[in-house]
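# Survey of secondary and tertiary structure
So you can see what is in the structure, the chains are spelled out below.
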Amino acid sequence: MTTAKRHRSVTAIEPTDAVLGPAMAALTDKQQAFVRALFEAPKTHGAGTFAAKMAGYSSSSRSVLASIAYQLNGDPRVQLAIAEVSQQYLTTLGPLAVRALKKVLGQPSHRDFGRAIGIVMDRVAPQNSTHIVKVQHDATPALRATADVIARIEVLARAAGLDVAKMPPLIDVTPMKESAA
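Residues numbered from 1 in each chain as written. Predicted model: local features only at pLDDT ≥ 70, side-chain atom pairs only at ≥ 80, totals over all residues. Heavy atoms only, no water.

## Things to note about helix α7 (residues 141-159)
Taking 1.5 Å of rise per residue, the 19 residues of α7 would be expected to cover 27 Å, and the 27 Å separating its terminal C-alpha atoms lies within 8% of that figure. Gly161 occupies a position one or two residues after α7 and carries a positive phi of about 85 degrees. (Helix = DSSP H or I, 4+ residues; strand = E, 2+ residues; numbered from the N terminus. Expected span 1.5 Å × (residues − 1).)

Laid out in structure tokens, this is it:
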């Protein structure tokens, strides 16, 4: 028995009357149609190929369309537009999500009732934590001894009649700081 393949009719994605954000406005008409079509793709696998075809990038080969989709998805301007449209979708889905959350909270026997309460509480009264970090520096005897040696070198250099300001810098005299525990 053979199964007939169902073909989806392909029609170009028409521009919407919505005001375009700055990222979408920066794209060409075809690129805008590509971004819009990504959100209308019937499945996740092959969504880029579907979007390229719907946007009007003509090719008889799926591999060429996949290559075009790959290039478009890699374009930073297209990526910004995808993020912009995603944010718009998330904003408009907010009321739907709130209604669904209210529905779950209205059914104490629902299996996700506790999780829904946690979600609401995390948003309404987020937990705050305070961390106090105390940094204390104690000069070790080795550090003090090194400083004493450097001071003694300067005293001896002055006693010998040398100008300390014109002396070359000492090598490896900067003491290593010990890490605070």
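## Concerning the nonpolar core
Buried together is how nonpolar side chains tend to be arranged in soluble globular proteins. Residues Phe34, Val35, Ala52 and Tyr57 are the most contacted members of the largest nonpolar core, which totals 22 residues. Mapped by element, the contributors of at least two residues to this core are α1 (22-25), α2 (29-38), α3 (47-54), α4 (62-74) and α5 (76-105). It is α3 that contributes the most residues to this core, five residues altogether. Setting aside chain neighbours within four positions, we find Phe34 in contact with Gly48, Ala51, Ala52, Ala55, Tyr57, Ala69, Leu72, Asn73 and Val78. (Core = buried A, V, L, I, M, F, W, Y, C linked by side-chain atoms within 4.5 Å. Buried < 20%, exposed > 50% of the residue type's maximum accessible area, 1.4 Å probe, protein only. Contact = heavy atoms within 4.5 Å.)

## Considerations on the side chain of Glu84
Along the chain, Glu84 falls in helix α5. Arg36 is the oppositely charged side chain nearest to the buried, salt-bridge-free Glu84, at an N-O distance of 9.6 Å. Leaving out residues up to four positions away in the same chain, Glu84 has contacts with Gly21, Pro22, Ala23 and Met24. (Lys, Arg positive; Asp, Glu negative; His and termini not counted. Salt bridge = Lys/Arg side-chain N within 4 Å of Asp/Glu carboxyl O.)

## Quick look at the packing of aromatic side chains
Both the distance between ring centres and the angle between the ring planes are used here to describe each pair of aromatic rings. Enumeration according to the criterion identifies one aromatic pair in this entry. Aromatic side chains Phe39 and Tyr89 sit 4.8 Å apart centroid to centroid with 20 degrees between the ring planes, which places their arrangement in the stacked category. Note that Phe39 is positioned in the loop between α2 and α3 and Tyr89 in helix α5, a separation of 50 residues in sequence. According to the relative accessible area criterion, Phe39 is partly exposed, its value standing at 29%. (Phe/Tyr/Trp six-rings, centres within 6.5 Å; stacked < 30°, edge-to-face > 60°.)

## Digging into α3
Within α3, seven of the eight residues are buried, which leaves it mostly tucked inside the rest of the structure. Of all the residues in α3, the buried ones are Ala47, Gly48, Thr49, Phe50, Ala51, Ala52 and Met54. Contacts from the buried residues of α3 go to α2 and α4. Just downstream of α3 lies Gly56, where phi reads positive at about 100 degrees.

## What about the packing of α5 against helix α6 (residues 113-124)?
Where α5 contacts α6, the two axes come as close as 9 Å, and the packing angle between them is 130 degrees. Regarding the angle of α5 to α6, the classification is oblique. Seen along the crossing, α5 lies across α6 with a hand that is left-handed. Contact residues: Leu101, Val104 and Leu105 in α5; Phe113, Ala116, Ile117, Ile119 and Val120 in α6. Across the contact of α5 with α6, the residue classes tally to eight nonpolar, no polar and no charged. (Axes fitted to C-alpha atoms, helices over the stretch in contact; angles between N-to-C directions. Parallel < 35°, antiparallel > 145°, perpendicular 65-115°, else oblique. Left-handed = near helix turned anticlockwise from the far one by under 90°. Nonpolar A, V, L, I, M, F, W, Y, C, P; charged D, E, K, R; others polar.)

## Looking at the pattern of salt bridges
A side chain with one charge may pair with a side chain of the opposite charge, provided their charged atoms come close. Under the counting rule described, the total for this entry stands at two salt bridges. A salt bridge links Arg115 to Asp112, with the nearest nitrogen and oxygen atoms 3.7 Å apart. With relative accessibility at 22%, the residue Asp112 sits in the partly exposed group.

## Side note on the confidence of the model for the chain
Residues with a pLDDT of 70 or more make up 83% of the chain, whose mean pLDDT is 83. Taken element by element, the predicted model of the chain shows its lowest mean pLDDT in α7 (84) and its highest in α2 (94). (pLDDT = per-residue confidence, 0-100.)

## Here's the deal with the environment of Ala41
Topologically, Ala41 is positioned in the loop between α2 and α3. As a C-alpha pair, Ala41 and Ala51 span 10 residues in sequence and 6.7 Å in three-dimensional space. What Ala41 contacts, discounting residues up to four positions off in sequence, is Ala47 and Phe50.

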